[in-house]
Amino acid sequence: MRVFAILSVCCACGTQGSADHTWPPYTSLPALASGDVDGDGFTDLFALSDTRTYEVLGGVDIGPHPAPIGSYSEAFDARGAARAAIVVTSSARDVLVTARSRDDIGMLDIEVRRDVGLVKTSAFSIPFDGTEVWLSSGQGLVLIGAGGTVWLIDAADLQSSKPSPIEIPPPIGGWGRTKLAMAYALGADRFIVVSSDTAAFRARLPEDWSSFAWEPIRQGVAWLGQTAVDINRDGRPELVGLDAGAPPNLCSLELETQAVRCIRMTSNETYADVTILGGSFDALTRTDFLVVHSRPTGQAYDVFGDVRFGSTTLTLAATTAGTPVFTQGTSPIYLIPIFEPERPTPWVVQLDSSGLFGYCYRIVNGDVQSCP
């Protein structure tokens, strides 16, 4: 049995605000992150509004029940438009990294916080042109997408009072509208990959930046909902996205061989607002995928169970086309797994732009059902 919980919108669920801090906080929440910041083995949840950062401690408030999350702790006030958040392992302890834009002065503020109460350890700012923002991490690196630029910082440097981010030079002709970046290791070498809607570029991280050079590894149609997932469990991620052509396919790009493997989606309908979550949703070791997307009547899902590499395609044990069940929201932004020590499978958190509300679902033999 695979179990996950969905948090979706509830814009008018009651009266705002009393001393018990009922979740959701009834405000726009453009960014969400999860990770074990207090070190107790439970995943903690963090949500950003344009004025506050909210912290929900795992093992206390997050649970597998259909009722709303019981409470939250309001961590601190903040300023600037909330753009992105990520939890990064740094010096053996997870830290929360947030990005807020101040468009009036063209800057993106990055803050690093740790432990219960989110004590600030460092902060810095980088130039920003007012477009898309994303954060990613891997191989001891943090990558920051700030509009048309990509910045890199060593994760260990997050603990210093004055971190030193490096602006990564783009490829000749630029890389277009970036969607995500990832890092991986091959032997003693570390590589970074930056992906746009229609292209991806790879470069070895040099000791001397004068030798830095990009190599194109994908060019083609747009992939929606891009994410990084290690499908074949070799320690290196694959780039995964939805090719919304005719017919639509869930596709992966193997970064070293540049091999593209795809599997047909369960419907030929138009896919929009796509969010993809990959991971092991059961006690098995193979990779599962949950693909959530919008329909005119609400949200729908596709579940792909036990995905593995074929010679030229992705193969799997089970496929399910879901009817619209996520009807509390309209367009998903994030799917985030929530881990608890005593459970072999993660919950999954969904966020849209108007707030959070808790629902519990489980996947049984490829079918999404309400929790009993």
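Residues numbered from 1 in each chain as written. Predicted model: local features only at pLDDT ≥ 70, side-chain atom pairs only at ≥ 80, totals over all residues. Heavy atoms only, no water.

A. Looking closely at the nonpolar core. Ranked by size, the top nonpolar core spans 21 residues in total, and within it V88, V97, L108, I144 and L158 carry the most contacts. Counting residues per element, the ones that place at least two in this core are β6 (81–90), β7 (93–102), β8 (107–114), β9 (119–127), β10 (133–138), β11 (141–146) and β12 (149–154). If you look at the next biggest cluster of nonpolar residues, it comprises 17 residues, including V150, A183, A203 and L205. (Core = buried A, V, L, I, M, F, W, Y, C linked by side-chain atoms within 4.5 Å. Buried < 20%, exposed > 50% of the residue type's maximum accessible area, 1.4 Å probe, protein only. Helix = DSSP H or I, 4+ residues; strand = E, 2+ residues; numbered from the N terminus.)

B. Layout of the pattern of salt bridges. A full pass over the atoms with the stated rule returns 10 salt bridges. For R261, the salt bridge identified is with E254, shortest N-O distance 3.0 Å. Both residues of the pair, R261 and E254, belong to the buried class. (Salt bridge = Lys/Arg side-chain N within 4 Å of Asp/Glu carboxyl O.)

C. Structural detail: the layout of surface pockets. Quantified by volume, the second largest pocket comes out at close to 230 Å³. Around the second largest pocket sit 15 residues that line it, and L141, R190, L205, P206 and E207 are the ones nearest its centre. The set of elements that each furnish at least two residues to the lining of the second largest pocket consists of β12 and β15 (189–196). Broken down by element, the lining of the second largest pocket gets its largest block of residues, three residues, from β12. The residue makeup of the lining of the second largest pocket, split by class, is eight nonpolar, one polar and six charged. (1 Å grid on protein atoms, 1.4 Å probe; cavity = no way out; pocket = protein on both sides within 12 Å on 5 of 7 lines; lining within 4 Å. Points joined across faces, edges and corners; volume = space filled by probe spheres on them. Nonpolar A, V, L, I, M, F, W, Y, C, P; charged D, E, K, R; others polar.)

D. How the structure looks around the sheet that holds strand β20 (residues 249–254). One open sheet holds the four strands; their spatial order is β18-β19-β20-β21, and the pairing between them is antiparallel. Both edges of this open sheet fall to β18 (223–229) and β21 (260–264), since each of them pairs with a single strand only. Across the sheet, the mean angle separating the axes of adjacent strands is 20° when strand polarity is ignored. Pairing of β20 with β21 involves five bridges; the strand directions are antiparallel. Bridging across to β21, L250 finds its partner in I263. (Pairing = 2+ DSSP bridges. Axes fitted to C-alpha atoms, helices over the stretch in contact; angles between N-to-C directions.)

E. Summary view of the environment of T131. Mapped onto the elements of the fold, T131 is located in the loop between β9 and β10. Taking the C-alpha atoms as reference points, T131 and A146, 15 residues apart in sequence, are found 7.3 Å from one another. Not counting residues within four places of it along the chain, the set of residues in contact with T131 comprises R83, G147 and G148. Side chain to side chain, T131 and D129 meet in a polar contact 2.8 Å long. (Contact = heavy atoms within 4.5 Å. Polar contact = N/O pair within 3.5 Å; in protein donor to acceptor, adjacent residues only side chain to side chain.)

F. Structural context of the pairing of β11. Among the six residues in β11, six count as buried, and that is most of the element. Side chains of β11 alternate between two faces, with L141, L143 and G145 and V142, I144 and A146 buried alike. As paired elements, β11 and β12 share six bridges and run antiparallel to each other. Note that in β12 the partner of L143 across the bridge is L152. Remark: two residues form the turn of the hairpin made by β11 and β12, two consecutive strands paired antiparallel; G147 in that turn has positive phi of roughly 65°.

G. Representation of unusual backbone geometry within the structure. A246 connects to P247 through a cis peptide bond whose omega is 0°. Turning to its location among the elements, P247 is positioned in the loop between β19 (238–243) and β20. Positive phi, close to 55°, is recorded for Q139, a residue that is not glycine. Residue position: Q139 is located in the loop between β10 and β11. Even without a glycine there, the phi angle at D273 is positive, about 50°. Assignment of secondary structure puts D273 in the loop between β21 and β22 (275–279). Residue D273 is classed as partly exposed on the basis of its relative accessible area of 41%.

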